[in-house]
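So the chains spell out like this:
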Amino acid sequence: MNKLNNNKIIIAGIAAVVLWIITAAITFDRTFIPLKNYIGKNSKIILEVSVINDDLTQTGSLIKRIVFYETYKPVNYKSKVKKNLGKLLFKVKKTDKDYKKLFILLNIKTPVKLKKLSLSNAKYFSAFARKSYYHWEYVSKPIIKRFIKYTGFVPLRLSERMFLEYTLNKSVLPTYAFIGKISTGFEYLIRFAAFTFIFGTFVIILLSILVMYYLNKFFREIRNSELRFKNMFNNSPVIHLLMDINTGKITDANKAAEKFYGWTRKELTDMKITDIALADEEEHKKFRLDVYRRGAENPTVRIINHKLKNDEVRRVELTIAPIEIDGKEYLIDSIKDITEKIYYENSLKKSVEFFKILSENIPSIIALYREKFIYMNPFGLKILGYTEETIKDLNLPEMVEAREEEKLLLYQNIKRRLGGEQFETKYTLKVKKKSGETFWGEIIATTIFFENAWTGLAIINDVSDRVLSELNLIKEKDVFKELSELDALTHVPNRRSFDTKLEDYLRNALINNAKFSLIMLDIDHFKEINDTFGHQTGDSVLSELASLIRENIRRDDFFARFGGEEFMVISKNIGVEGAVELAEKLRLKIETHGFSSKVNVKCSFGVTGYKRDDTAESIVKRADEALYKAKENGRNRVESVE
């Protein structure tokens, strides 16, 4: 009997266990699992809604920026508009993807036909989702794409009203009512869970075990987090001190602090923060309590002096905030040494003051410029006739007289300087005063960093006397060159000039496969003219003959006196046949011309053409052979040698 009772107890126990297992299973199946699914699904929906609303908010912000840049056109606005247009296009694509994610979550196949969901709030929310998506897809998105394509044609006020009031705001999903629906369903499930839980104590025990497990895991995570914090604290390159809020005692210091202050960790933890900050105890305590009241969300930044172990005082920037470790509140102090930074700023300030003193006492025009002048020294303003206000309306290229290509180079160099390229240039150009007068200025320009921006520095000196002297010297050289290359009697190029020009023709013909011909002429019986009428008449004949030939050759032909009564004509781009015709024309002109000295003048001509392997000696020699042939065959004639 006892055995039977024991069996019944065992069976009842087993049945009870089975019953409790079934109860627990039903509890999980009907309450906790739906509750988990419900919360998980709706949390994802709320998250997606938040993402979409954030996308739309950022889209509005980007549109505002683009409209601002296009309307007011600040410096480099085109690059900024381009950059923000790229972000806007990316944001439009991201918004499309986020809407698709939302509809997948709601099991919606299309934006128009919505599938009925098992959860009651989905049907309620789908109306808002459908309306928002419809407005985004068919109103907001097309307008934004048109805006991206035609940014410059949208006025400021119209843009803000269109996108922020009538377009983007219509696409924002209302989450408040949706969350209310979620809360109602959540309360229903909680009541059902509580009612069922009365019959599921076994499940509660199991859940308690699970809770203990996860609590243990949670605290283990906390311990690991504290360990990670300690590792980060100790190995951080930033100087950190941990201190007690009430006493100000340093409770911990990292390796960077040991290295900076010179004290060991043990020495630092035996000190108070006032030993380092050299501050009054009571005042510093008030400061610590004030930092604590502000909370970790509002850290306090302060610049003070800190003393090192070697008694050196350094200027530091502190960032202080409360922190909780092992359930106790502390203050963590992050310290940045800014001594060198302050020294640099002071040095920079002194440099600016020195530059100002120097520029105001140097008798040269000194100017700083970017797109326009930003500074000019008093000497420069006085010389040029401008004031500090009016000079800022000009730039360097506008203040000089120069060719267009020179001004273009000035603009290009200004752009390079403002981009941070460091180089030095020197120009000698005419500088314009406000009165319209000009003077020759030597402009030395370089790149400097001034007031946190790359800037051009120009030093201008009046070098008018030097430039005018150089110009006069150049004119004298040109006159001398002209005299040295002309024949004194006939005023046509001389033998020296002919030799130079012939070499140029030979070089051009060799490189460009061009052609030219050489005509050599000589006055027949010129010695008899000198002997009969005298050398003065002979000189007159030579001079008049030179003028006659120069008037009857082409503009591109080169005519020179070769020596004595011999002359040369280089005919460009014609062969021997064309040169023979030209020589015959000249021969007839000379024969029929009435010279002022009443002397009957006739000439013989020798013609040859350029060959590929010709030198100056070889082509002149052939022309001379042709002239000799004309003399041999009776004079007053044209002969050629190929």
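Rules used throughout
Residues numbered from 1 in each chain as written. Predicted model: local features only at pLDDT ≥ 70, side-chain atom pairs only at ≥ 80, totals over all residues. Heavy atoms only, no water. Helix = DSSP H or I, 4+ residues; strand = E, 2+ residues; numbered from the N terminus. Buried < 20%, exposed > 50% of the residue type's maximum accessible area, 1.4 Å probe, protein only. Lys, Arg positive; Asp, Glu negative; His and termini not counted. Salt bridge = Lys/Arg side-chain N within 4 Å of Asp/Glu carboxyl O. Contact = heavy atoms within 4.5 Å. Expected span 1.5 Å × (residues − 1). Phe/Tyr/Trp six-rings, centres within 6.5 Å; stacked < 30°, edge-to-face > 60°. Core = buried A, V, L, I, M, F, W, Y, C linked by side-chain atoms within 4.5 Å. Pairing = 2+ DSSP bridges. Axes fitted to C-alpha atoms, helices over the stretch in contact; angles between N-to-C directions. Parallel < 35°, antiparallel > 145°, perpendicular 65-115°, else oblique. Nonpolar A, V, L, I, M, F, W, Y, C, P; charged D, E, K, R; others polar. Arc of directions from axis to C-beta. Left-handed = near helix turned anticlockwise from the far one by under 90°. pLDDT = per-residue confidence, 0-100.

Summarising the element assignment, D333 is placed in strand β5 (residues 328-337). Salt bridges are absent for the buried D333, whose nearest opposite-charge side chain, R302, sits at 8.4 Å. Non-local contacts of D333, meaning those with residues more than four positions away in its chain, are made with I239, H240, L241, M243, I273, L318, T319 and I320.

This next bit is on helix α19 (residues 616-632). Helical periodicity: at 3.6 residues per turn, an α-helix aligns residues three or four positions apart in one direction. Look at α19: 24 Å from first C-alpha to last across 17 residues, which is about the 24 Å you get at 1.5 Å a residue. Buried residues of α19: A616, I619, V620, R622, A623, A626, L627, A630 and K631, and no others. Contact partners of the buried residues in α19: α15 (495-512), β12 (516-523), β13 (558-563), β14 (566-572), β15 (603-609) and β16 (638-641). Count one or two residues on from α19 and you reach G634, which has phi positive near 120 degrees.

Summed over the entire model, instances satisfying the criterion amount to 12 aromatic pairs. When the ring of Y99 is compared with that of Y133, the centres are 5.1 Å apart and the planes differ by 70 degrees; the resulting orientation is edge-to-face. Here the residue Y99 occupies a position in helix α2 (residues 77-105), and Y133 occupies one in helix α3 (residues 120-149), the gap between them amounting to 34 residues. Y133 shares its class with Y99; the two are buried.

This part covers the nonpolar core. Nonpolar side chains tend toward joint burial in soluble globular proteins. Counting residues in hydrophobic clusters, the biggest one holds 30 residues, and the most contacted among them are I519, I523, L545, I549, F559, I590 and F605. The set of elements that each furnish at least two residues to this core consists of β12, α16 (526-533), α17 (535-551), β14, α18 (576-592) and β15. Beyond its immediate sequence surroundings of up to four residues, F559 is in contact with V492, P493, A546, I549, R550, I553, F567, M568 and V569. Judged by nonpolar contacts, the second largest core, of 27 residues, contains L62, Y99, F103 and A129.

Here we take up the sheet that holds β15. Strand order in the open sheet formed by 5 strands is β13-β14-β12-β15-β16, and the pairing between neighbours is mixed. The two strands at the open ends of the sheet, each matched to only one other strand, are β13 and β16. Across this sheet, the average inter-strand angle for adjacent strands is 20 degrees, counted without regard to direction. Direction of pairing for β12 relative to β15: antiparallel, over a ladder of 7 bridges. Pairing of L521 across the sheet is with F605, part of β15. Contacts between α15 and the sheet are confined to β12, β13 and β14, with β13 contributing the most and set at about 130 degrees to the helix.

Moving on, we get to the pairing of strand β3 (residues 300-307). Across 8 bridges, the pairing between β3 and strand β4 (residues 313-325) is antiparallel. The partner of K307 across the bridge, within β4, is V313.

Right, let's talk about the environment of P322 for a bit. Secondary-structure assignment places P322 in strand β4. For P322, a relative accessible area of 11% puts it in the buried group. Note: C-alpha distance between P322 and R294 (28 residues apart in sequence) is 8.6 Å. Not counting residues within four places of it along the chain, the set of residues in contact with P322 comprises V291, Y292, G295, A296, E329, Y330 and L331.

Turning our attention to the sheet that holds β5. Hydrogen bonds along the backbone pair up the strands of a sheet, which may run parallel or antiparallel. With antiparallel pairing, 5 strands are arranged side by side in an open sheet as β2-β1-β5-β4-β3. The open sheet has two edge strands with one neighbour each: β2 (250-253) and β3. Recorded for the sheet is a direction-independent mean angle of 35 degrees between the axes of neighbouring strands. Its contacts with the sheet place helix α10 (residues 281-294) against β1 (239-244), β3, β4 and β5, and it is angled at close to 50 degrees to β4.

Below, the discussion takes up the pattern of salt bridges. The tally for this structure, following the rule as stated, stands at 30 salt bridges. The salt bridge involving E442 is made with R466; its shortest N-O contact spans 3.4 Å. Pair noted here: E442 is in strand β10 (residues 438-450) and R466 is in helix α14 (residues 464-485), with a separation of 24 residues, a long-range link. Taken together, the shared-partner salt bridges in this structure form one network comprising D55, K91, K94 and D98.

In this section: the packing of α15 against α19. The N-to-C vectors of α15 and α19 enclose an angle of 110 degrees; their axes lie 10 Å apart at closest approach. In terms of orientation, α15 and α19 fall into the roughly perpendicular class. From α15, F498, L502, E503 and L506 reach across to α19, where they touch A616, I619 and V620. Across the contact of α15 with α19, the residue classes tally to 6 nonpolar, no polar and 1 charged.

Let us now look at unusual backbone geometry. At N76, a position not held by glycine, the phi torsion is positive, near 55 degrees. Structurally, the position occupied by N76 is in the loop between α1 (2-72) and α2. Residues other than glycine seldom take positive phi values, yet D311 does so here, at roughly 70 degrees. Assignment of secondary structure puts D311 in the loop between β3 and β4. Among the residues examined, D311 registers a relative accessible area of 56% and is labelled exposed.

Among all positions of α16, only F526, I529 and N530 are buried. One side of α16 carries all its buried residues, which in axial view fall inside an arc of 95 degrees. Away from its buried face by more than 90 degrees, α16 exposes K527, D531 and T532. Of the surrounding secondary structure, the elements contacted by the buried residues of α16 are β12 and α17. A positive backbone phi angle near 100 degrees is found at G534, which sits one or two residues after α16.

Time to look at the packing of α17 against α18. Put simply, α17 and α18 touch, their axes get as near as 10 Å, and they point 135 degrees apart. One way to sum up the angle between α17 and α18 is to call them oblique. Classified by chirality, the crossing of α18 by α17 is right-handed. Packed against α17, whose contacting residues are L545, L548 and I549, the element α18 presents L586, K589 and I590 at the interface.

When pLDDT is averaged along the chain, the result is 80; 75% of the residues meet or exceed 70. In the predicted structure, residues 1-9 sits below a pLDDT of 50 and forms 1 contact with residues beyond four places in sequence or in another chain. Taken together, the stretch residues 108-120 has pLDDT below 50 and engages in 15 contacts with residues farther than four places along the chain or on a different chain.

So, about the environment of I362. Examined against the element boundaries, I362 turns out to sit in the loop between α11 (339-359) and β6 (365-369). In this structure, the C-alpha to C-alpha distance between I362 and G380, residues 18 residues apart in sequence, is 9.8 Å. Apart from residues lying up to four places away in sequence, I362 is in contact with N377 and F379.

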